[in-house]
Amino acid sequence: MQAKLNERDRPPRTPTPGDPVSAPLTDGARQRTSFLNSLFRLHYTELVGRLRKVYGVGPPDPEDVAQAAFSKLAELDDLERIHSPRAFLFRTAVNICLNSNDKLKRSRAFVRSQLESNFSQRLEEKSAESVFMGKQDLERVAHVIRQLPSKQREILLRSRFRGQTYDEIRQETGWSQADISRQLNKVMALLQAELDR
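Criteria and cut-off values
Residues numbered from 1 in each chain as written. Predicted model: local features only at pLDDT ≥ 70, side-chain atom pairs only at ≥ 80, totals over all residues. Heavy atoms only, no water. Helix = DSSP H or I, 4+ residues; strand = E, 2+ residues; numbered from the N terminus. Buried < 20%, exposed > 50% of the residue type's maximum accessible area, 1.4 Å probe, protein only. Contact = heavy atoms within 4.5 Å. Phe/Tyr/Trp six-rings, centres within 6.5 Å; stacked < 30°, edge-to-face > 60°. Lys NZ or Arg CZ within 6 Å of the ring centre and 35° of its normal.

K.L.:
Let's hear about the side chain of His43: which residues, and what values?
P.N.:
With respect to the helices and strands, the residue His43 is situated in helix α1 (residues 27–55). For His43, a relative accessible area of 12% corresponds to the buried category. Those residues in contact with His43, other than ones at most four positions away along the chain, are Phe70, Arg86 and Leu89.

Structure representation (structure tokens):
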């Protein structure tokens, strides 16, 4: 359910696209800027907190997502059509997180499939060229893993090679699940970038 804004809370009409950029701000533009600033002050901290609670510390970074949601709202020409700016901000932020998570899942699936395809096929079924290329891929991945900070290397080994869940890693190391997720996402992105080269 969307709440209607009181007349005093309703955003002002925006200037027309033909208005020169260098012109002094009109009363409407000042009111629009003031309205957006007040929305930012009222909802930014709450939005970041909700994103942290639901999605963890990232990626995507909750502060970046909140900023992107506010940017989407500010890009709208007619703010009067938004019945509940707060609901718009929260829905937009959730959509940004979901899109980002979908990209991360696809990236992880790709890296996993590349790693599994290189290791799961029997050597007898491979040509000399595919064995050589697989060895090169393995060496590049091993190089990236050697360059990782010890915490990221530990999380990768526990999660991907030992098959431990985030909760099992948390129990054994004391690191938060959100931090484990964030570190693993960074590692998987590095591995994918190396395989894409």
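K.L.:
How would you summarise the packing of aromatic side chains if you had to cite specific residues and measurements?
P.N.:
On inspection of all chains with the given rule, the structure shows 3 aromatic pairs. With a centroid separation of 4.7 Å and 25 degrees between ring planes, the pair formed by Phe40 and Tyr44 is classed as stacked. One end of the pair, Phe40, and the other, Tyr44, are both in helix α1, 4 residues apart, so they sit about a helical turn from each other. When the centroid spacing of 6.3 Å and the interplanar angle of 45 degrees are considered together, the rings of Tyr44 and Phe70 count as tilted. Of this pair, Tyr44 sits in helix α1 while Phe70 sits in helix α2 (residues 62–75), and the two are 26 residues apart along the sequence. Among the aromatic residues, those joined into a cluster by ring pairs are Phe40, Tyr44 and Phe70. One Lys or Arg, Arg86, reaches over the ring of Phe90 and ends 4.5 Å from the middle of that ring.

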